[in-house]
Amino acid sequence: MSGTEFQCLRCGNCCRPRGYVFLAAGETARIAAFLGMTEAEFLDRYARLTRDTRRPSLIEKPAGSCIFLQADNTCRVHDVKPRQCRDYPYRWRSRLLEENCAAACLAAGRGT
């Protein structure tokens, strides 16, 4: 799928499955500053360690969606969202996400 084939429809489905949203070096500080808090406050409130305890990941809402997914399907931290989010679907994707992403289905010629 090329960047010209995919146009996000803002359905929010890519932000709903459970799983890790990894935070790379520098991302915690950048998101914390965007939210007007310290990095330590951000980590305490919005992050957890991954199972291997090597890096932080965003926490999820009780139903499993990303903590920053808003009711209107927009991202609260869109301007500074993690690289993992920015890279979808261009650098990585999964069958689960593709099956639930209307834009990915349209780009693949499968309709919705």
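Shown above is the structure to which this text applies.
The paragraphs below set out a description of the structure included in this document. Please read all numbers here as calculations on a predicted model, not as lab measurements.

1. Let's talk about the pattern of salt bridges
Here comes step 1: Following the criterion strictly, the structure yields 4 salt bridges and no others.
Here comes step 2: Among the ionic pairs, Glu-60 bridges to Arg-48, the shortest N-O distance being 3.7 Å. Separated by 12 residues along the polypeptide, Glu-60 in the loop between β2 (56–58) and α3 (83–87) and Arg-48 in strand β1 (residues 47–49) bring together distant segments of the chain.
Here comes step 3: On the basis of relative accessibility, which here comes to 21%, the residue Glu-60 falls in the partly exposed class.
Here comes step 4: On the accessibility criterion, Arg-48 (32% relative accessible area) is partly exposed.
Here comes step 5: As a salt-bridge pair, Arg-83 and Asp-87 come within 3.2 Å of each other at their nearest N and O atoms. With Arg-83 and Asp-87 both in helix α3 and 4 residues apart, the pair spans about one turn of that helix.
Here comes step 6: The partly exposed category is assigned to Arg-83, whose relative accessible area is 45%.

Rules used in this analysis
- Residues numbered from 1 in each chain as written.
- Predicted model: local features only at pLDDT ≥ 70, side-chain atom pairs only at ≥ 80, totals over all residues.
- Heavy atoms only, no water.
- Salt bridge = Lys/Arg side-chain N within 4 Å of Asp/Glu carboxyl O.
- Helix = DSSP H or I, 4+ residues; strand = E, 2+ residues; numbered from the N terminus.
- Buried < 20%, exposed > 50% of the residue type's maximum accessible area, 1.4 Å probe, protein only.

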